[in-house]
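If you want the building blocks of each chain, they are given just below.
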Amino acid sequence: MGPENHNDDAENGALLDEQPAWQYEERDDGPEASTPGDRICICSLGHQTREIKITPFFPWIQESLARFIANHLPKQRHKAALLAFFYFCWLLTFILVLNHSAQAGNIEGYGKPQPIWCGASFWNPGNSCGLNGNRCRPFDNATLAFRCPANCKAVKVLNPHAVGDQEINYQPYVIGGPTRRKENFTIPDTVYRGDSFICQAAIHAGLVGNDNGGCGVALLSGPQSNFTSTKRHGIQSIGFDSSFPKSFTFISGLSSQCVRDLRWPLLAVTCGFTTILSLCTTSPPVFFCSIFTMLFFHVGLVSDPPNHSDYASLTSLVIGRFLPAAFVAFVIYRFSVKPQQTGLTANIERTVLWLGGAWVGGLNNYTFAFIPLQRLTPHDLKVQAGAKLALVLVVLLIFTIALGQVWYLRLEGRFPRYLAIYSIFVAFLLLCVALPPLNLRIHHYVLALLLLPGTRPQTRPGLLYQGILVGLFINGVARWGFDSILQTTVDLRGDGQLGSLLPDITAPVLGSSNITFLWSRPPHPYDGVSVLVNDVERHRWYYGEGDPSHTFYRNDEMEKEYFRFGYMSGSETGDFTKAGVWETDGGFKEMEPGPSK
């Protein structure tokens, strides 16, 4: 008799089993294992197949709530009614708090603030704003009433971004700050470049808190020069010592009724309800289905929601991701969770280990944010500080855990079967790596699905491992969806560098207050050249439209000018060169080799 045939009445879907585990007489089916608290019984003498079961510490305490419900609600319909009432209470509380959080409130004189995501800005990168930035107008005398979610400080640019001759990566994107170098500056004294992330700038200025988000009004203030670099409220801003046509500051002293991000009160709500359920039920399907559903919607709608403009579209997106996730969850339950949870009456230990692990995995945007492994791509591992060491440590940790799980699978006599399963997994991954046009990506949900089968034995470490992996699966799907395990180079690149050809720029001709650049005819398939000055497109040339040259004039003798050049094919632009610097003394610092974006 294996674990899948034991206690089949758990499948009835009730809050508790009809005959709880404590009502059975304890049977001595074989010798106990030497592992404290884990009872190992020989279930098939012919093949010495063993089944590992947890013997609860202080069982009368851990089983007290479940025993109380079983004694006072002996019939299945009573338990079903109690379960339905439990679901109703959680759903009503969750919806009421979420609806209150969704109400953006009002800012006096500016109306209802617009919800924006943490990476929203007034300016598009590269030459996406068009010649002289005309597609990103207006530059000044306009306001935006906005509302930021919580945890915006954690957002980082994951591909190199050029700011003058600097290359910014793996850090918040805020350019500028206090115009006066004092500690007691006020919010109107802060000026940020137009391409800064608005919410991160608001945190840097002290207008919005990182833990709860908040509201504010951004005021476009037109061209500005000399953006300072300061560290405020945990964000190190970027300095830029030249001019930019669009900037913004924040209006302070406004009367507002801003409802802050309520993810922490909602976390208390869902965490409390899941804890109550875990302590009161011994039914594996009720436990897993309930926890999976509640945690999925909490992650997707509250703790780590996809980028959205309103809660209606967000809810639609999360529900669309939940339906296929529920099918995969059934497979997870059938082959991993059910064998581990069947016959388990250590409700407190399960709550601490399995449910606690599920919350740790589900909230990995907080719990694992310190690990420098945002994306497992060769580029990130090469350039991100600490990524290689972190990957080695994670692999060693997984390998150590796997050895422990192999031992338990061997005790149960299942090791040969699972060795065959994981051999198939490894062969499949190697096949994916061998496909030259595509790149293998191990997403959160993929990692969870690969490791979950090995958590089948009912052990205390296994409870923790399985909970964390289920939480990772939930977070990966709720936040990002079922992204493909095989992706093209374009998919992996995102807004990163293309690796395209770079223009060959001859040495510029310097005048007293002007500089002239010349370039050769673009090779096929390019037909034009785009020129960025101080990260703004100031000239666009196409073959057949005059000479391949242009003269630029200095606007301020005390400011540097940064020039970058990129080929164009129609309206599409390739990579730009690194910045050449027109110094204030009239000299020119040549561009370093390599692309920029």
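- Looking at an unreviewed UniProt entry, one finds the chain named LCCL domain-containing protein, with Letharia columbiana as its source organism.

1. Comments concerning the overall build of the chain
Thinking step 1. A count of helical and extended segments in the chain gives 15 helices and 28 strands.
Thinking step 2. A buried classification covers 48% of the 597 residues belonging to the chain.
Thinking step 3. Pairs at least 24 residues apart make up 72% of the contacts formed inside the chain by residues separated by at least 6 positions.
Thinking step 4. In the form shown here, the chain has an accessible surface area of approximately 27900 Å², with 61% of it arising from carbon and sulfur atoms.

2. Observations regarding the environment of isoleucine 401
Thinking step 1. Within the secondary structure layout, isoleucine 401 lies in helix α11 (residues 387-411).
Thinking step 2. Relative accessible area serves as the criterion here: at 25%, isoleucine 401 is assigned to the partly exposed category.
Thinking step 3. Between the alpha carbons of isoleucine 401 and proline 461 there is a distance of 8.9 Å; along the sequence they are 60 residues apart.

3. What about the packing of aromatic side chains?
Thinking step 1. In total, this model carries 36 aromatic pairs according to the counting rule given.
Thinking step 2. Ring geometry for phenylalanine 517 and phenylalanine 552: centres 6.2 Å apart, planes at 65°, overall edge-to-face. Of this pair, phenylalanine 517 sits in strand β20 (residues 514-518) while phenylalanine 552 sits in strand β23 (residues 549-553), placing them 35 residues apart in sequence. Each member of the pair, phenylalanine 517 as well as phenylalanine 552, is classed as buried.
Thinking step 3. Put simply, the rings of Phe287, Phe288, Phe292, Phe296, Phe297, Phe322, Tyr333, Trp354, Tyr445, Phe473 and Phe482 pair up and form one aromatic cluster.
Thinking step 4. Over the ring of phenylalanine 287 we find arginine 350; its NZ or CZ atom is 4.1 Å from the centre of that ring.
Thinking step 5. Just above the ring of tryptophan 582 sits the side chain of arginine 554; from NZ or CZ to the centre is 4.0 Å.

4. A closer look at the UniProt feature "transmembrane region" (unreviewed entry) in the chain
Thinking step 1. Taking the numbering used here, the UniProt-annotated feature "transmembrane region" (unreviewed entry) corresponds to residues 80-98, 314-333, 353-373, 385-408 and 420-442.
Thinking step 2. As a span, residues 385-408 carries 92% helix and 0% strand, and end to end its C-alpha atoms are 37 Å apart.

5. Some thoughts on the state of the cysteines
Thinking step 1. Summed over the entire model, instances satisfying the criterion amount to 4 disulfides.
Thinking step 2. The side chain of cysteine 129 participates in a disulfide bridge whose partner is cysteine 136; the two sulfur atoms lie 1.8 Å from each other. On the S-S bond that ties cysteine 129 to cysteine 136, the torsion sits near -70°, and the link is left-handed. In terms of burial, cysteine 129 and cysteine 136 fall into one category: buried.
Thinking step 3. For the chain, the bonded cysteines connect in the pattern 1-5, 2-3, 4-6, 7-8 when numbered consecutively along the sequence.

6. So, the nonpolar core
Thinking step 1. Core analysis: the biggest nonpolar cluster contains 57 residues, and Phe288, Phe292, Phe296 and Phe473 have the highest contact counts within it.
Thinking step 2. Of all elements in the fold, only α3 (76-102), α5 (263-280), α6 (284-303), α7 (311-341), α8 (347-362), α13 (444-451) and α14 (460-480) reach the threshold of two or more residues within this core.
Thinking step 3. A total of 12 residues in this core trace back to one element, the largest contributor, which is α6.
Thinking step 4. Residues contacting phenylalanine 473, with those up to four places away along its chain left out, are Phe292, Ala325, Val328, Ile332, Tyr445, Ala448, Leu449 and Phe482.
Thinking step 5. In terms of nonpolar packing, the next biggest core, distinct from the first, is built from 23 residues, Ala201, Ala202, Val208 and Leu220 among them.

Definitions and cut-offs
Residues numbered from 1 in each chain as written. Predicted model: local features only at pLDDT ≥ 70, side-chain atom pairs only at ≥ 80, totals over all residues. Heavy atoms only, no water. Helix = DSSP H or I, 4+ residues; strand = E, 2+ residues; numbered from the N terminus. Buried < 20%, exposed > 50% of the residue type's maximum accessible area, 1.4 Å probe, protein only. Contact = heavy atoms within 4.5 Å. Areas by Shrake-Rupley, 256 points an atom, 1.4 Å probe, with all protein chains shown as cover. Phe/Tyr/Trp six-rings, centres within 6.5 Å; stacked < 30°, edge-to-face > 60°. Lys NZ or Arg CZ within 6 Å of the ring centre and 35° of its normal. UniProt positions renumbered as here; feature names shortened; annotations may be inferred. Disulfide = S-S within 2.5 Å. Core = buried A, V, L, I, M, F, W, Y, C linked by side-chain atoms within 4.5 Å.

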